[in-house]
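So the chains spell out like this:
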There are 2 protein chains.
Amino acid sequence: MNQKTVSEQTLRRLPVYLHYLRSVRGERECISATALAQAFGLNDVQVRKDLGSVSGLGRPKVGYAVEELIAQLEGFLGCRAATSVILVGAGHLGTALLSYAGFLDYGLDICAAFDCAEDVIGRRVCGIPVLSSEELEAYCRAHCIHLAILTVPASAAQQMCDRLVGCGIRAIWNFAPTILRAPAGVTVENENLASSLAVLTRHLNEGRRTEAGESI
Amino acid sequence: MNQKTVSEQTLRRLPVYLHYLRSVRGERECISATALAQAFGLNDVQVRKDLGSVSGLGRPKVGYAVEELIAQLEGFLGCRAATSVILVGAGHLGTALLSYAGFLDYGLDICAAFDCAEDVIGRRVCGIPVLSSEELEAYCRAHCIHLAILTVPASAAQQMCDRLVGCGIRAIWNFAPTILRAPAGVTVENENLASSLAVLTRHLNEGRRTEAGESI
DNA sequence: CTGATATAAATAATTTTATATCGATATTTT
DNA sequence: AAAATATCGATATAAAATTATTTATATCAG
């Protein structure tokens, strides 16, 4: 079994490779690490190392068999057995995520959404039922849900986080612009838009500064 | 001038500090790096180092003056002078972002959205006008736009990226699940949901494996 | 004024991540 | 069949980031 410990950075790149490989499947039988690296603007050795941690059957002069690699990545990332997940907060962003079909490709099956607004409860968004948040605890326990997507307003996030932890959730994907405090054993992944933004605006400002001269 | 080069990891944390500081402003005059670290589950030295790269006026036994620190972070991150930005693709996700008020806090001013669907063109979402994508080039040049948020379907992303580059955009915030190829000088920040997801599901699976025993 | 204490700042050590180098191997060309 | 070439895999090196340790300093209680 190839269950090596993969670094976090590598782990984050693997789904990116997978997505690309899926897009070229059929077009080509094999692909080299060099070609992959070029497609992403990465170092080829890095790609090889990343792939090596889940596969290890690249052939010199040829590369990796696309289908085989896809299968291995899917296996490693757990895209085969779908994980059931709930979404809490069926507002704009929540709805956007519900209607994003791509999740299933990565083994995520959103089975229900929860909200507290009367006018959305009982409706379906892309086939996914929106339930009253009062049913949250009962539903999670009954369906053994361990992963939740949190898209409520920042003001309600921590309170909802506590409720989720209370009913057995072990991982929370937080889209609310707040830092959540959760006990050890519960992972919180903050999808922090402000962070990405900081990187972009720095680039813009650097460009401007260089443009302006700044000669000695 | 404190214009040191800040590492990317640090840069990504700064907006998080800023957000937290804003939430406690008024409540307290000063705050220590230790307290900040605890709030985020980070190492206190790291917080101090991060803050040191933009500020450097913490006082022993007291910490940092909240208001002063906010001002310095805002200055450094460029939250003062708002950057004009356009959003391309007014679908679910696009609308969610348009209605997310928080961007202005980080100096982002979404001044227009573009789409090609007849039924949304001409409408306003949260006060922001949705224009026809045919007007894209003219608008960007007329308003000197350099930053674009891309929320079109993956299939249209690369093509739209090329158009944006063509009309002077220098930074693209890509939400489409594709890798974009852009010339040097144009930064593309991919908001990659699949990567975050990989981290979460690994945690879930690790938990399950440990739970199951795995004794020798 | 003095000493205890909390905290910042500086420095060092560790860990993680990325890149470069090199030999081995399969494929293609001659 | 032999040589050339592209590529993998492993190892080594370098860079970056995080964490630990130490030192210095400001505040507060007595």
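Below you will find a few notes about this structure.

Definitions and cut-offs
- Residues numbered from 1 in each chain as written.
- Chains lettered and ligands numbered in written order.
- Predicted model: local features only at pLDDT ≥ 70, side-chain atom pairs only at ≥ 80, totals over all residues.
- Heavy atoms only, no water.
- Near = heavy atom within 4 Å.
- Polar contact = N/O pair within 3.5 Å; in protein donor to acceptor, adjacent residues only side chain to side chain.
- Helix = DSSP H or I, 4+ residues; strand = E, 2+ residues; numbered from the N terminus.
- Nonpolar A, V, L, I, M, F, W, Y, C, P; charged D, E, K, R; others polar.
- Pairing = 2+ DSSP bridges.
- Contact = heavy atoms within 4.5 Å.
- Axes fitted to C-alpha atoms, helices over the stretch in contact; angles between N-to-C directions.
- Buried < 20%, exposed > 50% of the residue type's maximum accessible area, 1.4 Å probe, protein only.
- Arc of directions from axis to C-beta.

Let's talk about the protein's contact with DNA strand C
Around DNA strand C there are 22 residues in total, and Ser7, Arg13 and Gln46 of chain A together with Ala33 and Arg48 of chain B lie nearest to it. Within 4 Å of the protein, atoms of DNA strand C come from sugar and phosphate in 83% of cases. Here a phosphate oxygen of DNA strand C sits 2.9 Å away from a polar atom, N or O, in the main chain of Ala33 of chain B. Separating a sugar or linking oxygen of DNA strand C from a backbone N or O atom of Gly58 of chain B is a distance of 3.0 Å. Counting only elements with at least two residues in the surface near DNA strand C, the list comes to helix H1 (8-24) and helix H3 (44-52) of chain A together with helix H2 (33-40) of chain B. Here the element with the most residues in the surface near DNA strand C is H1 of chain A; it accounts for three residues. Looking at the surface near DNA strand C residue by residue, the class counts come to six nonpolar, nine polar and seven charged.

Points about the sheet that holds strand E7 (residues 147-150) of chain A
Sheet strands pair via backbone hydrogen bonds, and the direction of the pair is either parallel or antiparallel. Residues and elements named next belong to chain A. Across the sheet, which stays open at both edges, the seven strands sit in the order E5-E6-E4-E3-E7-E8-E9 with mixed pairing between neighbours. The sheet terminates laterally at strand E5 (124-125) and strand E9 (187-190), the two strands that pair on one side only. Bridging between strand E4 (residues 108-115) and strand E6 (residues 128-132) involves three bridges; their strand directions are parallel. The residue of E6 that forms the bridge with Phe114 is Leu131. Contacts from helix H7 (residues 154-166) reach strand E3 (83-88), E7 and strand E8 (171-174), with the element oriented near 170 degrees to E7.

As for helix H6 (residues 136-143) of chain B
Spacing of three or four residues puts side chains on the same side of an α-helix, whose turn is 3.6 residues. All names here are of chain B. For H6, the complete set of buried residues consists of Leu136, Tyr139 and Cys140. Taken around the axis of H6, the buried residues stretch over an arc of 95 degrees, which confines them to a single face. Facing away from the buried side of H6 by more than 90 degrees, the exposed set consists of Ala138, Arg141 and Ala142. Buried residues belonging to H6 abut strand E3 (83-88), strand E4 (108-115), strand E6 (128-132) and helix H7 (154-166). Backbone geometry just downstream of H6 places Cys144 in the positive-phi region, at approximately 55 degrees.

Description of the pairing of E6 of chain B
Residue and element names in this part refer to chain B. For E6, the buried fraction is high: four of the five residues fall into the buried class. The pairing of strand E5 (residues 124-125) with E6 spans two bridges and is classified as antiparallel. By the bridge assignment, Arg124 is partnered in E6 with Pro129. What sits between E5 and E6 in their antiparallel hairpin is a turn of two residues, with Cys126 showing a positive phi close to 55 degrees.

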